[in-house]
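# Structural description and commentary
The chain contents come next:
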Amino acid sequence: MNMDIDASKIPSPGVEPDTAEFWAAANDGVLKIGSCNSCGEPHFYPRAICPRCGSLDVGLKEAKGTGTIYTYSVFRRTSEPYALAWVSLDEGVGMMTNIINCDLDEIRIGQEVEVVFRPSESGQAVPMFQPRGGR
Amino acid sequence: MTINGKAYIAGAYEHPTRLATDKSVSQLHAEVAAGALEDAGLSFKDVDGYFTAKAPGMGPVSMVEYLGLKPRHLDSTEIGGSSYIAHVSHAAQAIAEGKCNVALITLAGRPKAEGMAVVKGDFKGPENDFEIPYRPVVPNLYALSAMRHMYEFGTTSEQLAWIRVAASHHASHNPNAVMRDKVTVEDVVNSPLIADPLHRLDSCVISDGGGALVVVSPEIARSLKRPLVKVRGAGEALKHMDGGRPDMTSSGAVRSGADAFAEAGVTPQDIKCAMIYDSFTITVLISLEDLGFCKKGEGGKFVSDGNLISGVGKLPFNTDGGGLCNNHPANRGGITKVIEAVRQLRGEAHPAVQVPNCDLALAHGTGGWVSTRHGSATLIMERE
Ligand SMILES: [Zn+2]
C-alpha cells in the first residue's frame with residue numbers, strides 16, 4: 001500500500017517566537033535547521049540557544065532536505081498504521097518525522113529519503129519524508 | 001561526600017491493588033505511606049523528610065498537607081519512573097548532611113481506573129512542536145530503539161521475548177501480579193505487533209496502585225527491628241537527543257550505572273539480583289548492557305535461555321514479575337524496583353524466587369522514553 005497521509009491525521013505544532021521562522025519556511029516548502037553563529041554547528045530542533053556551545057547567537061539555515069532513515073517503527077494498533085521515524089539529515093543532525101508515500105512494509109534503516117511537506121490540522125505545513133526518487 | 005553507608009532503607013511497601021476504582025490517588029499515597037512506615041516500625045510523626053514526583057495538586061505542597069506531615073526537608077525531583085530511585089539517593093544525601101533522619105518517599109496513581117492506557121506526549125516541552133505532528137506514542141518511541149538495536153547488533157524478537165518469559169516465571173509466584181501465566185518465547189513473538197518490532201507481550205501492564213519507601217539514618221536503622229538494608233551507591237543521568245545527534249541504542253544507564261558502581265566500590269559481577277525498569281523488553285536489554293552486565297550489543301545473548309530467571313540463570317531480575325507482568329503503578333513504577341530489591345536483601349521475597357545469600361542488589365530506573373529522552377537512576381543496596 002502506498003501510504004500518503006491525510007491532513008486530518010496530523011496534529012498541528014504550536015508556533016513560538018523562537019520557532020516562527022522555521023514554521024514560516026515550512027509553509028514555503030523549505031526545511032530549515034538551527035545553525036550557530038559562534039561555533040558553526042547545526043542543531044535540531046531549532047531553538048534560541050546553541051546546544052553545542054551555549055551561544056545565544058543562533059539562526060536558521062536551509063537544509064538540502066535529504067537524508068537517510070536512522071530508525072523507524074510502524075505503529076499498528078490503529079485503523080491506519082503509520083511510520084514514525086528518525087531521519088539523519090545530510091547536514092549531520094536529524095529529526096523525528098513520518099515516512100510517507102511508500103509501502104510501510106518496505107521501509108528500511110539506511111534508506112535514502114527526501115523531504116515533502118504536508119498540511120496539518122490547522123493548515124500549518126509540517127516536514128515529512130518519502131523515499132528518494134519519488135514514489 | 002559519599003552516601004555509601006550513610007543511610008538505610010528501613011521500610012518498603014507495595015500497594016496490593018492493581019485496579020483502584022474505589023480509591024483516590026491521594027488516598028493511595030496515604031495507604032502506601034502508612035504501609036512503609038508500619039513496615040519500618042515508625043509512624044507519620046517520625047517523618048522529617050518527604051519525597052515525591054508527580055502527585056495530586058502541587059506535588060509535595062498538596063501531599064504534605066494531606067498526609068499531615070511537618071517535614072524539614074523536601075524533594076520533588078521529577079524524572080519520570082526513575083524519580084523514586086533518585087529519591088532514595090537524594091534522601092541518603094540529605095540524611096548524610098543532617099537535613100533529615102526519616103525520609104518518606106511515595107508514588108501512587110490509577111491510570112487503569114482513569115482509562116489512561118495510552119499515554120500521549122502531553123508534556124509541553126520545547127521539543128513537543130517538532131514531534132507531535134508525527135504521532136509518537138509510548139510504544140513507538142521505545143520501538144525506535146528496538147529497531148535500531150536489531151539493525152546495529154542483530155538482536156532478535158526471540159531474544160527480547162526471553163525478558164518477558166523470565167518476568168512471567170517470577171510473576172507466576174506473585175498473587176498480586178496482573179498477569180500470572182507463564183509465557184513462552186513463541187507466545188511473545190506471536191502476540192500482536194503494537195509498534196514494529198515490539199509486540200503486545202513486549203509491553204508492560206497498565207495498573208493502579210503505588211509504593212512507598214522509608215530511608216533513615218544509620219542510628220535509627222539500628223534501633224529498628226528490621227533487617228539492615230544499606231545504601232551503597234547511586235548515580236543519575238539525563239539522556240537526550242544532543243541537539244539532533246541521538247544514539248538510540250544506549251541509555252542514561254551508561255553514566256548512572258558507572259557512578260553507582262564507583263560509589264559502591266563493587267562491579268556488576270558482584271550483584272546477586274537486579275531490578276530493572278521494564279516499560280518494554282527493550283528497556284531492560286539496553287539497561288543491562290549499559291549497566292555493564294554484558295558488553296554493548298550482547299544483551300540479546302545475555303538475556304536468552306533463562307539467564308534472568310531466578311534459580312535458573314546468572315542474573316535473576318524483577319523477581320516480583322516487574323512492570324511487564326506484576327505492576328506498573330501510575331504508568332511509571334520505578335519505586336517497585338527498590339521495593340523488590342529490599343525484599344530480596346531481607347530474604348522476604350517469595351521462596352520460589354528468593355535468591356540465596358542475596359547480599360547485594362541493584363535497582364535501575366528509566367523515566368521517559370528510551371529512544372529520545374529520559375531520566376536514569378541507579379541504586380546499589382547491601383544487606384548488612
Ligand atoms: Zn554553537
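Residues numbered from 1 in each chain as written. Chains lettered and ligands numbered in written order. Predicted model: local features only at pLDDT ≥ 70, side-chain atom pairs only at ≥ 80, totals over all residues. Heavy atoms only, no water.

### With respect to the overall build of chain B
Along chain B, the regular secondary structure elements total twelve helices and eleven strands. Based on the C-alpha atoms only, the size of chain B along its principal axes is roughly 55 × 45 × 40 Å. Across the 384 residues that make up chain B, the buried fraction comes to 66%. Looking at chain B alone, contacts between residues at least 24 apart form 75% of all its contacts between residues at least 6 apart. (Helix = DSSP H or I, 4+ residues; strand = E, 2+ residues; numbered from the N terminus. Buried < 20%, exposed > 50% of the residue type's maximum accessible area, 1.4 Å probe, protein only. Contact = heavy atoms within 4.5 Å.)

### Section: the pairing of strand 2 (residues 32-36) of chain A
All names here are of chain A. With respect to burial, strand 2 is a largely interior element, five of its five residues being buried. As judged from the five bridges shared by strand 2 and strand 4 (residues 58-62), these two strands associate in the antiparallel manner. Paired with Lys 32 across the bridge in strand 4 is Glu 62. From the end of strand 2 to the start of strand 3 (residues 42-43), which pair antiparallel, there are five residues, and Gly 40 there has a positive phi angle of about 80 degrees. (Pairing = 2+ DSSP bridges.)

### Side note on the environment of Ile 276 of chain B
All names here are of chain B. Tracing the chain through its elements places Ile 276 in strand 9 (residues 273-276). Assessed through its relative accessible area of 0%, Ile 276 is described here as buried. The spacing of Ile 276 and Gly 334 is 58 residues in sequence and 8.5 Å in space, taken between C-alpha atoms.

### Description of the interface of chain B and chain A
Taken together, the contact pairs 35 residues of chain B with 44 residues of chain A. Interface of chain B and chain A: buried area, both sides summed, is about 3400 Å²; carbon and sulfur atoms make up 62% of it. Together, Phe 130, Tyr 134 and Arg 135 of chain B form the three largest contributors to the area buried by chain B at its contact with chain A, with a combined 26%. Across the contact surface, chain B and chain A share three salt bridges. Note that Glu 41 of chain A and Arg 245 of chain B form a salt bridge whose closest N and O atoms lie 2.7 Å from each other. Counting across the interface, chain B meets chain A through 18 residue pairs in polar contact (both at pLDDT 80 or more). Broken down by element, the residue count for the side of chain B that touches chain A peaks at nine residues, all from helix 4 (residues 138-153) of chain B. Taken together, the residues that form the side of chain B that touches chain A break down as 20 nonpolar, five polar and ten charged. (Buried area = accessible area lost by both parts, 1.4 Å probe. Salt bridge = Lys/Arg side-chain N within 4 Å of Asp/Glu carboxyl O. Polar contact = N/O pair within 3.5 Å; in protein donor to acceptor, adjacent residues only side chain to side chain. Nonpolar A, V, L, I, M, F, W, Y, C, P; charged D, E, K, R; others polar.)

### Regarding the coordination of the zinc ion
All names here are of chain A. Within the protein, Cys 36 (SG), Cys 39 (SG), Cys 50 (SG) and Cys 53 (SG) serve as the donor atoms for the zinc ion, at 2.3 Å. Its four donor atoms give the zinc ion angles of 105 to 116 degrees at the centre, a pattern that matches the tetrahedral case. Read N to C, the donor residues that coordinate the zinc ion are spaced as C-x2-C-x10-C-x2-C. Of this pair, Cys 36 sits in strand 2 while Cys 50 sits in the loop between strand 3 and strand 4, placing them 14 residues apart in sequence. Like Cys 36, the residue Cys 50 is buried in the burial classification. (Donors = N, O, S within 2.8 Å, 3.2 Å for Na, K, Ca; no water. Tetrahedral: all angles 85-135°; square planar, octahedral: opposite > 155°, others 65-115°.)

### Focus: the packing of aromatic side chains
Within this structure, the stated rule accounts for nine aromatic pairs over all chains. Relative to Phe 130 of chain B, the ring of Tyr 45 of chain A has its centre 5.5 Å away and its plane inclined at 20 degrees; by these criteria the two rings are stacked. Placement of Tyr 45 of chain A in the loop between strand 3 and strand 4 and of Phe 130 of chain B in the loop between strand 4 (102-109) and helix 4 is noted, with the two residues assigned to different chains. Across this residue pair, the class does not change: Tyr 45 of chain A and Phe 130 of chain B are buried. Between Tyr 142 of chain B and Phe 280 of chain B the ring centres are 4.9 Å apart and the planes differ by 35 degrees, which places this aromatic pair in the tilted class. Here Tyr 142 of chain B is found in helix 4, whereas its partner Phe 280 of chain B is found in the loop between strand 9 and helix 9 (281-291), with 138 residues between them in sequence. Of the aromatic side chains, those joined through ring pairs into one cluster are Phe 22, Trp 23, Phe 44 and Tyr 45 of chain A together with Phe 130 of chain B. Lying across the ring of Tyr 45 of chain A, Arg 47 of chain A places its NZ or CZ 3.9 Å from the centre. Its guanidinium or amino end placed over the ring of Tyr 82 of chain A, Arg 135 of chain B lies 3.8 Å from that ring's centre, counting from NZ or CZ. (Phe/Tyr/Trp six-rings, centres within 6.5 Å; stacked < 30°, edge-to-face > 60°. Lys NZ or Arg CZ within 6 Å of the ring centre and 35° of its normal.)

### Re the pattern of salt bridges
Residue and element names in this part refer to chain B. What the rule picks out here adds up to 29 salt bridges over all chains. A salt bridge links Glu 14 to Arg 343, with the nearest nitrogen and oxygen atoms 2.8 Å apart. Taken together, the positions of Glu 14 in strand 1 (residues 8-14) and Arg 343 in helix 12 (residues 335-346) put the pair 329 residues apart, joining distant regions of the chain. Close ionic contact of Glu 348 with Arg 346 constitutes a salt bridge, the shortest N to O distance being 3.5 Å. Since its relative accessible area comes to 37%, Glu 348 is described here as partly exposed.

Structural measurements only, silent on function.
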